[in-house]
Amino acid sequence: MTFLLIDKLCKRYGAMEAVASSSLAIEKGEFVSLLGPSGCGKTTTLQMIAGFIEVTSGTIVLDGRDITHAKPASRGLGVVFQSYALFPHMSVRDNVAFGLQMRKVPRAEIGQRVDRALALVRLTPHAERYPRELSGGQRQRVALARALVIEPPVLLLDEPLSNLDAHLREEMQFEIRRIQHEVGITTLMVTHDQAEALSISDRVVVMQAGRITQVDDPYRLYEHPRTPFISDFVGKANRLHGIRAADGSVQVAAEGPLTLSLRPEKITLVAAGSGRLQGTVNCRYFLGSQWLYRIDTALGEVAVVRANDGSAPLPEGHAVSLDWDDALLRVLDASEVAA
């Protein structure tokens, strides 16, 4: 059953259309991410749902109630901002309690709900500390607790991990998913990080130039991108020409009417002369768990990702052959121009 519905949502600033007639249905308890580059309209969409930006046209319906023009406070949504927006002069406990105090919740109930929220985000031992005394990850969890303690119908996350270092960002994305799953709250997150969106979302909504271009579960989005833009933005991809054979299969060709996507990790490097495409290692990059090779071929440069199995990497200038399963080639809609 649809819990949060945006229907033909649009935001214009004069002649500029920041969000263009976007529609999305989110189920209760679902974790959905809005993914796209800067300026694609994802944050504007989130802020219209939150009520911080006025809607030009279209509707927002929450659990059967039209909230399109409702004041932000009356929507009752939980919001975690990119900056966390914690009160520096308040302790962790007081920061979390603030929203309940504004709602005139009885003092005894505030204490109980704050204790539960702090336990949920594993910050009980730090309840009397101040934001300046916390790590970035701890401050983010305070912001989460403050948003969740009011028991909102929907949790909105605006680039919640962008201020964290790479290691902590990875750790916290799974912590967010744990908390969301434990509470069962409907969640909409804005991010520009495709790895973040793919790893913790039930569905990912890709936005480009103010429009929703694909809505899918993470696996299908990665394996079956609809357009060149999505193929390139969601992970790495080789863009190739192709033809459709007499048996209906799709094959790579030097020239052809089809635009194909082939993921670098789907390509196998074999001995020179034994595969379907010959090449030479142009350069290589060590990524820890993987090696990324750029191979010069008759079809142009092709990226290949190979697992780091501990063996010596292929040297630059080394002759190799590339092989792949044609079933892993994806046909893209070439009418969509990549941004």
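Heads up: the structure comes first, above all this text.
Just so it is clear, the structure is predicted and the values come from calculations on it, not from any experiment.

K.L.:
Can you break down the packing of helix H3 (residues 92-102) against helix H4 (residues 107-120) residue by residue, with the values?
P.N.:
Working note: a packed helix pair is described by the angle between its axes plus the distance between those axes. It is at 10 Å that the axes of H3 and H4 come closest, and there the two elements cross at 125°. Taken together, the axis directions place H3 and H4 in an arrangement best described as oblique. For the crossing formed where H3 meets H4, the hand is right-handed. Taken together, the residues of H4 that come into contact with H3 (itself represented by Val92, Arg93, Val96, Ala97, Leu100 and Gln101) are Ile110, Gly111, Arg113, Val114, Asp115, Ala117 and Leu118. Residue composition of the contact of H3 with H4, by class: eight nonpolar, two polar and three charged.

K.L.:
Outline unusual backbone geometry, supporting the account with residue identities and numerical values.
P.N.:
In terms of backbone geometry, most residues other than glycine have negative phi values and most peptide bonds are trans. Look at tyrosine 84: it is not a glycine, yet its phi comes out positive at around 75°. Position of tyrosine 84 relative to the elements: it lies in the loop between strand E6 (78-80) and H3. The class of tyrosine 84 is buried, set by a relative accessible area of 6%. The phi angle at arginine 122 is positive, at roughly 60°, despite the residue not being glycine.

K.L.:
Go over the pattern of salt bridges, please, and point to the residues and values.
P.N.:
Close approach of charged atoms allows side chains of opposite charge to pair. For the structure on display, the rule yields 19 salt bridges. The partner of arginine 12 in a salt bridge is glutamate 17, and the shortest N-O contact between them spans 3.9 Å. Given a relative accessible area of 35%, glutamate 17 falls into the partly exposed group. What emerges from the salt-bridge pattern is a single network uniting Arg122, Glu175, Arg178 and Glu182.

K.L.:
Please set out helix H5 (residues 136-148) residue by residue, giving values where relevant.
P.N.:
The terminal C-alpha atoms of H5 lie 19 Å apart, and with 13 residues this matches the ideal 18 Å at 1.5 Å per residue to within 8%. The buried fraction of H5 amounts to twelve of the 13 residues, a majority that puts the element mostly inside the structure. Those residues of H5 that are buried are in contact with E6, H3, H4, strand E7 (154-158) and helix H6 (166-183).

K.L.:
Could you give an account of the sheet that holds strand E5 (residues 65-66), with specific residues and numbers?
P.N.:
Strand order in this open sheet of four strands is E2-E1-E4-E5, and the pairing throughout is antiparallel. Each of the sheet's edge strands pairs with one partner strand only, and the pair in question is strand E2 (16-27) and E5. Strand direction decides the pairing type here: strand E4 (residues 57-62) and E5, joined by two bridges, are antiparallel. Across the sheet, leucine 62 pairs through a bridge with arginine 65, a residue of E5. Relative to the sheet, helix H1 (residues 42-50) contacts strand E1 (2-13), E2 and E4, its axis offset from that of E1 by approximately 115°.

K.L.:
Describe the sheet that holds strand E11 (residues 238-244), and please don't skip the residues or the numbers.
P.N.:
Taken together, four strands build an open sheet; the order of strands is E12-E11-E13-E19 and the sheet is antiparallel. Looking at which strands have only one partner, the edges of the open sheet turn out to be strand E12 (250-252) and strand E19 (330-332). Going across the sheet, the axis of each strand differs from the next one's by a mean of 50°, ignoring polarity.

K.L.:
If you had to explain the packing of aromatic side chains to someone new, which residues and values would you point to?
P.N.:
The tally for this structure, following the rule as stated, stands at five aromatic pairs. Centre to centre, the rings of phenylalanine 286 and tryptophan 291 are 4.8 Å apart; their planes meet at 45°, and the pair counts as tilted. The exposure class assigned to tryptophan 291 is buried, which follows from its relative accessible area of 14%. Three or more aromatic residues joined by ring pairs make a cluster, and in this case those are Phe286, Trp291 and Tyr293. The ring centre of tyrosine 13 lies 5.0 Å from the NZ or CZ of lysine 11, which sits over that ring. Taking NZ or CZ as reference, arginine 263 lies 4.0 Å from the ring centre of tyrosine 222, over its face.

K.L.:
How would you explain the pairing of E4 if you had to name every residue and give the values?
P.N.:
Direction of pairing for E1 relative to E4: antiparallel, over a ladder of five bridges. Bridge assignment links isoleucine 6 to a residue of E4, and that residue is isoleucine 60.

K.L.:
Any details on H1? Residues and values, ideally.
P.N.:
Burial analysis of H1 places seven of its nine residues in the buried class, which makes it a mostly covered element. Looking one or two residues beyond H1, the residue adopting positive phi is glycine 51, at roughly 95°.

K.L.:
Provide a residue-level description of the nonpolar core, including the pertinent values.
P.N.:
If you look at the biggest cluster of nonpolar residues, it comprises 37 residues, and the most contacted ones within it are Val96, Val114, Leu144, Leu155 and Leu157. Looking at this core, the elements with two or more residues in it are H3, H4, H5, E7 and H6. No other element matches H5, which puts six residues into this core. The contact partners of leucine 144, leaving out residues within four places of it in the chain, are Val80, Val121, Leu155, Leu157, Ile176 and Ile179. Judged by nonpolar contacts, the second largest core, of 28 residues, contains Phe3, Ile26, Val32 and Leu188.

K.L.:
Let's hear about the packing of H5 against H6: which residues, and what values?
P.N.:
One way to put it is that H5 packs onto H6 with a least axis distance of 11 Å and a crossing angle of 20°. When the axes of H5 and H6 are compared, the pair comes out roughly parallel. Where H5 crosses over H6, the two elements pack in a sense that is right-handed. Taken together, the residues of H6 that come into contact with H5 (itself represented by Gly136, Gly137, Gln140, Arg141, Leu144 and Leu148) are Leu168, Met172, Glu175, Ile176 and Ile179. Among the residues forming the contact of H5 with H6, the class breakdown is six nonpolar, three polar and two charged.

About the cut-offs
- Residues numbered from 1 in each chain as written.
- Predicted model: local features only at pLDDT ≥ 70, side-chain atom pairs only at ≥ 80, totals over all residues.
- Heavy atoms only, no water.
- Axes fitted to C-alpha atoms, helices over the stretch in contact; angles between N-to-C directions.
- Helix = DSSP H or I, 4+ residues; strand = E, 2+ residues; numbered from the N terminus.
- Parallel < 35°, antiparallel > 145°, perpendicular 65-115°, else oblique.
- Left-handed = near helix turned anticlockwise from the far one by under 90°.
- Contact = heavy atoms within 4.5 Å.
- Nonpolar A, V, L, I, M, F, W, Y, C, P; charged D, E, K, R; others polar.
- Buried < 20%, exposed > 50% of the residue type's maximum accessible area, 1.4 Å probe, protein only.
- Salt bridge = Lys/Arg side-chain N within 4 Å of Asp/Glu carboxyl O.
- Expected span 1.5 Å × (residues − 1).
- Pairing = 2+ DSSP bridges.
- Phe/Tyr/Trp six-rings, centres within 6.5 Å; stacked < 30°, edge-to-face > 60°.
- Lys NZ or Arg CZ within 6 Å of the ring centre and 35° of its normal.
- Core = buried A, V, L, I, M, F, W, Y, C linked by side-chain atoms within 4.5 Å.

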